[in-house]
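# Topology and contacts: notes
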Amino acid sequence: MDSDFLIREVKGIVALDSRGNPTVKAIVKTNKGIGVGIAPSGASKSSKEAIELRDGGKKWVGMGVNLAVSKLNEEVSQRLINQDSRQQYLIDSLLIALDGTKNKSSLGGNTTTAVSIAVSKAAANTANLELYEYLGGPSARILPTPILNIINGGVHAGNNLAFQEFILIPTGARTFIDAMRMSIEVYKNLKGVISEKYGKTSTNVGDEGGYAPPLNESREAFSLIETAIKKSGYELGTDFHLGMDAASSEFYNKDKKVYKVDGKEFTSSELIDFYESLINEFSIIYLEDPFDEDDFDSFSEITKKLGNKLLIVGDDLYATNVNYLMTGIKKKATNGALVKVNQIGTLTETFDYIRLAKESGIIPVISHRSGDTEDPFIADLAVAVGSGIIKTGAPARSERVSKYNRLIEIENQLGPNAIYLGKEPFVRL
Ligand SMILES: C=C(OP(=O)(O)O)C(=O)O
Ligand SMILES: [Mg+2]
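Right, let's walk through the structure included here. Worth saying up front: this structure is predicted, and the values here are computed from it rather than measured.

## A look at the side chain of Q164
Mapped onto the elements, Q164 comes out in the loop between β5 (145-152) and β6 (165-169). Relative accessible area serves as the criterion here: at 2%, Q164 is assigned to the buried category. Within polar-contact distance, the side chain of Q164 engages the side chain of S44 at 2.8 Å. Within the structure, the side chain of Q164 is placed 2.7 Å from the side chain of E165, a separation counted as a polar contact. With residues near it in sequence (within four places) discarded, Q164 still touches S44, N149, I151, N152, G153, G154, V155, H156, D245, A246 and A247.

The structure is reproduced here in structure tokens:
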């Protein structure tokens with residue numbers, strides 16, 4: 001019955017993310033179902049992202065979300081009661097109108113993200129459908145290739161690596177569960193490789209569960225992973241490929257127009273040469289944010305030069321925002337686009353962004369945040385939109401594993417209908 005889908009209650013409470021910071025949790029009840037959404041939170045954020053509403057002061061070490069939660073319980077709740085939970089576009093439009101700013105700074109992108117996700121889950125639950133089925137329809141059956149950040153650097157770790165993520169890609173697997181098994185073998189062996197070389201105190205992990213050894217050189221990080229791949233009985237370039245998120249806005253010196261990597265200063269064109277040497281040496285097929293978030297021209301240059309060899313992905317560059325993606329399309333800046341719902345703040349805007357990317361031949365990559373939660377939402381999202389790739393950290397730490405476990409469950413549900421594309425999304429160029 002249509003009335004089953006009407007929203008009866010919208011409630012906000014404080015939850016904790018994987019860094020122990022408070023975040024917004026939304027619980028939406030329809031007349032027959034329930035959905036819960038929790039906003040994740042980034043550390044290497046783009047300046048173009050939706051603003052998280054945070055309370056200052058000493059409480060919650062200045063990271064409080066009490067104001068966001070009270071806005072959710074008052075303004076948002078009042079506006080959404082009795083709306084049809086299936087009308088995601090309408091509900092997200094109401095949130096956008098209620099906020100009334102360009103960057104969600106009034107309600108907070110953390111508030112709108114949690115609510116938008118919770119509404120979709122409540123509707124799926126009411127319809128008695130799996131979330132990926134509800135969001136993606138009967139054709140949703142592609143399991144994404146996981147790209148696993150197994151060495152952490154940048155602002156996610158306390159070492160000297162400028163690049164933020166050193167990524168393992170199980171391209172040779174035939175199924176999602178096999179991709180996880182193979183990757184975990186390498187992840188476990190990597191611990192031994194690091195321990196042998198740098199001592200057992202060097203095997204602690206960073207924010208996304210990857211190891212954070214005391215390295216000064218990115219080449220060394222890739223080399224350790226290559227050794228772990230070999231030790232596991234696999235071959236780099238067939239069973240596995242590698243990737244990286246440079247997150248280069250974090251080490252760009254705007255005044256001098258140089259990037260500081262591995263103790264050296266690079267101009268944009270010198271950095272392209274450095275990336276190229278790493279790409280060739282380590283079978284790299286994924287490169288995220290190679291340049292500063294405003295430097296579209298350098299993105300265009302590297303995509304022109306290397307875009308037929310690998311996926312070059314904009315994260316901070318686009319911030320899941322169609323306006324920045326339009327600029328990227330006009331400038332042929334990338335052939336991949338990262339997708340983080342909380343960068344823009346609603347599901348509808350996220351879907352618009354994914355559609356635009358796909359229409360333009362740009363591969364969307366569904367992503368977690370470095371501060372994430374047990375909510376596996378992005379696993380369903382990746383299958384629903386057939387992104388082909390998901391980035392959700394190392395296969396350890398429960399906030400990352402929750403997404404992998406959900407994908408294993410979905411693969412099980414789909415049975416012989418499940419498709420795992422392996423390397424294909426990276427070379428569909
Ligand atoms: C996941 C990332 O980190 P954060 O969530 O800190 O932006 C990223 O940069 O891709
Ligand atoms: Mg990134």
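## Quick look at the sheet that holds strand β3 (residues 34-38)
Taken together, three strands build an open sheet; the order of strands is β1-β2-β3 and the sheet is antiparallel. Only two strands of the sheet have a single partner each, and these edge strands are β1 (7-16) and β3. On average, each strand axis in the sheet is inclined to that of its neighbour by 15°, with strand direction left out of account. As defined by bridge partners, strand β2 (residues 22-30) adjoins β3 across five bridges and the pair is classed as antiparallel. Each bridged residue has a counterpart across the sheet, and for A26 the counterpart in β3 is G37. Of the strands in this sheet, β1 and β2 are in contact with helix α1 (residues 66-80), which crosses β1 at around 170°.

## Let's talk about a nonpolar patch on the surface
Taken together, the side chains of V14, L16 and W60 present a nonpolar region at the surface, about 260 Å² in accessible area. Checked against the element boundaries, W60 lands in the loop between β3 and α1. Among the residues examined, W60 registers a relative accessible area of 39% and is labelled partly exposed.

## Remarks on the site of ligand 1
In the vicinity of ligand 1, 16 residues are found, and the nearest of them are A43, H156, R369, S370 and K391. In this structure, an oxygen atom belonging to ligand 1 sits 2.9 Å away from a side-chain N or O atom of Q164. Between D315 and ligand 1, the recorded distance is 3.0 Å, taken from a side-chain N or O atom to an oxygen atom. Burial of ligand 1 by the surrounding chains reaches 100%, relative to a free accessible area of 290 Å². Under a 2 Å grid-point criterion requiring more than half of the atoms, the pocket assigned to ligand 1 is the second largest cavity.

## Concerning the nonpolar core
Core analysis: the biggest nonpolar cluster contains 101 residues, and F163, Y275 and Y286 have the highest contact counts within it. For this core, the element with the highest residue contribution is helix α5 (residues 176-198), accounting for nine residues. For Y275, the residues in contact, after removing those within four places along its chain, are F163, M244, A246, S248, L287, P290, F291 and I302.

## Points about the environment of I177
Among the secondary structure elements, I177 is positioned in helix α5. Between the C-alpha atom of I177 and that of P376, which follows or precedes it by 199 residues, the distance is 16 Å. Apart from residues lying up to four places away in sequence, I177 is in contact with I408 and E411.

## Examining the packing of aromatic side chains
Inspection of every chain in the model, using the stated rule, returns 15 aromatic pairs. When the ring of F163 is compared with that of F166, the centres are 6.4 Å apart and the planes differ by 45°; the resulting orientation is tilted. Assessed through its relative accessible area of 1%, F163 is described here as buried. Exposure remark for F166: the relative accessible area of 0% places this residue in the buried category. Ring centres of Y234 and F240 lie 5.4 Å apart, and the angle between their planes is 75°; this geometry places the pair in the edge-to-face category.

Basis of the calculations
Residues numbered from 1 in each chain as written. Chains lettered and ligands numbered in written order. Predicted model: local features only at pLDDT ≥ 70, side-chain atom pairs only at ≥ 80, totals over all residues. Heavy atoms only, no water. Helix = DSSP H or I, 4+ residues; strand = E, 2+ residues; numbered from the N terminus. Buried < 20%, exposed > 50% of the residue type's maximum accessible area, 1.4 Å probe, protein only. Polar contact = N/O pair within 3.5 Å; in protein donor to acceptor, adjacent residues only side chain to side chain. Contact = heavy atoms within 4.5 Å. Pairing = 2+ DSSP bridges. Axes fitted to C-alpha atoms, helices over the stretch in contact; angles between N-to-C directions. Patch = residues over 30% accessible without salt bridge, like charges linked within 9 Å, V, L, I, M, F, W, Y side chains within 5 Å. Areas by Shrake-Rupley, 256 points an atom, 1.4 Å probe, with all protein chains shown as cover. Salt bridge = Lys/Arg side-chain N within 4 Å of Asp/Glu carboxyl O. Near = heavy atom within 4 Å. 1 Å grid on protein atoms, 1.4 Å probe; cavity = no way out; pocket = protein on both sides within 12 Å on 5 of 7 lines; lining within 4 Å. Sits in = over half its atoms within 2 Å of the grid points. Core = buried A, V, L, I, M, F, W, Y, C linked by side-chain atoms within 4.5 Å. Phe/Tyr/Trp six-rings, centres within 6.5 Å; stacked < 30°, edge-to-face > 60°.

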